[in-house]
Amino acid sequence: MILKESVKGSAALLAGTVIWGSAFIAQSLGMDYVGPFTFQACRCTLAVLTLLLLAAVMEIRDWKHFWRRWADRRLWLAGIACGSALFVASSLQQVGLVTTDAGKAGFLTAMYIVFVPFFGIFLGRRIRWNAVAAILVAVAGLYMLSCAQVEHIEPGDFLLLLCAAAFAVQITLIDRFAPQVDAVRLNCVQALVVAVLSTGCMLAFEQPSARSAAMAFPAIAYAGILSMGIAYYFQIVGQRRVAPAPAAMLMSLESVFAALFGWLILHENLSGSEKIGCALVFAAVIVSQLPNRVRKKVSV
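Definitions and limits used
- Residues numbered from 1 in each chain as written.
- Predicted model: local features only at pLDDT ≥ 70, side-chain atom pairs only at ≥ 80, totals over all residues.
- Heavy atoms only, no water.
- Helix = DSSP H or I, 4+ residues; strand = E, 2+ residues; numbered from the N terminus.
- Buried < 20%, exposed > 50% of the residue type's maximum accessible area, 1.4 Å probe, protein only.
- Polar contact = N/O pair within 3.5 Å; in protein donor to acceptor, adjacent residues only side chain to side chain.
- Contact = heavy atoms within 4.5 Å.
- Phe/Tyr/Trp six-rings, centres within 6.5 Å; stacked < 30°, edge-to-face > 60°.
- Lys NZ or Arg CZ within 6 Å of the ring centre and 35° of its normal.
- Salt bridge = Lys/Arg side-chain N within 4 Å of Asp/Glu carboxyl O.
- Axes fitted to C-alpha atoms, helices over the stretch in contact; angles between N-to-C directions.
- Parallel < 35°, antiparallel > 145°, perpendicular 65-115°, else oblique.
- Left-handed = near helix turned anticlockwise from the far one by under 90°.
- Nonpolar A, V, L, I, M, F, W, Y, C, P; charged D, E, K, R; others polar.

Q: Lay out the side chain of serine 227 with the relevant residues and their values.
A: Assignment of secondary structure puts serine 227 in helix α10 (residues 217-239). By relative accessible area, serine 227 is classed as buried at 3%. Here the side chain of serine 227 touches arginine 43 through a polar contact of 3.4 Å, side chain to side chain. Not counting chain neighbours up to four residues away, the residues in contact with serine 227 comprise Ile19, Trp20, Ala23, Arg43, Tyr222 and Tyr232.

Q: Tell me what's going on with the packing of aromatic side chains, and back it up with residues and numbers.
A: One pass over the structure, following the stated rule, counts 5 aromatic pairs. Between phenylalanine 37 and phenylalanine 205, the ring centres sit 6.3 Å apart and the planes meet at 35 degrees, which makes this aromatic pair tilted. Here the residue phenylalanine 37 occupies a position in helix α2 (residues 36-58), and phenylalanine 205 occupies one in helix α8 (residues 183-205), the gap between them amounting to 168 residues. Classification of phenylalanine 205 as exposed rests on a relative accessible area of 63%. Looking at arginine 185, its charged tip hangs above the ring of tryptophan 70, at a distance of 5.3 Å from the centre.

Q: Give a description of the pattern of salt bridges that names residues and reports values.
A: Within the structure shown, the criterion is met by 2 salt bridges. Two residues, arginine 74 and aspartate 72, come together in a salt bridge whose shortest N-O distance is 3.5 Å. What makes aspartate 72 partly exposed here is its relative accessible area of 25%. Notably, a salt bridge pairs aspartate 182 with arginine 185, separated by 3.6 Å at the nearest N-O pair. Owing to a relative accessible area of 32%, aspartate 182 belongs among the partly exposed residues under this scheme.

Q: Run through the environment of alanine 284, naming residues and quoting values.
A: Secondary-structure assignment places alanine 284 in helix α13 (residues 272-288). Between the C-alpha atom of alanine 284 and that of glycine 141, which follows or precedes it by 143 residues, the distance is 8.4 Å. Ignoring sequence-local partners within four residues, the contact set of alanine 284 consists of Ala134, Val137, Ala138 and Met249.

Q: Explain the packing of α2 against α8 to me, using residue names and the numbers behind them.
A: Across the interface, α2 lies against α8 with an axial gap of 7 Å and an inter-helix angle of 155 degrees. Here α8 runs roughly antiparallel to α2, going by the angle between their axes. As α2 packs across α8, the resulting crossing turns out to be left-handed. A breakdown of the residues in the contact of α2 with α8 according to their chemical character gives 19 nonpolar, 6 polar and no charged.

Given below as structure tokens:
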């Protein structure tokens, strides 16, 4: 039964990771028309509406208690905590991209695979042998995939490392709160927090227009409904069944899928080092999912 639940959780995380990888294309295209905070505010607002509709459909037979379930204090505390961490991570990533190329940004962002087990130590979690091996292989693979040709350190690199730490905090918080509250509602509150904070930054730092938002709407819709709405729901469902360290390893495949979708849809060529990097990250994920066997003494 435990193995079955783990497989379900891994499948949910993998599905979310595939969506995140493809969403890089939508984000890239959408940013041609609107600023980062405008894009983030619009997509998260759309995600909130989508998740509210999903929650209503799921509980249409018990409509009388629909709104009462939103009054759960634990839900709002969890959503505010997770949403705040996600907003910080996303914002640092966008600002860091100003001075750092996308390949190196992907590598530095994915370093949450190192931070997650490190944070877990302070929560009393033990790091399994295969988690350590998987992290080392994944770091090497992500480097080959994202920045083997990069020679310079940019000011935004430090911001992207902070972004990775913030994503690790969000993953750790999801692990803490996901078993306690409904996944759809938690993601909805999380998206609402990001939408509110992004709207404030949009009004303060950008000059949004209805025309530019309309031109970016297809990309916003994809990133809002699928990436922010469905994929983060899969993350919450998956982390109920998978420990944070192997979950982070699965989610690190986002960089691999981003490269693959870029190759398939945008016809971007994969270099030899990128192909090696993809293979190493896939291998690391497989290693992270291996069972941790404990030898038992046999009485004679």
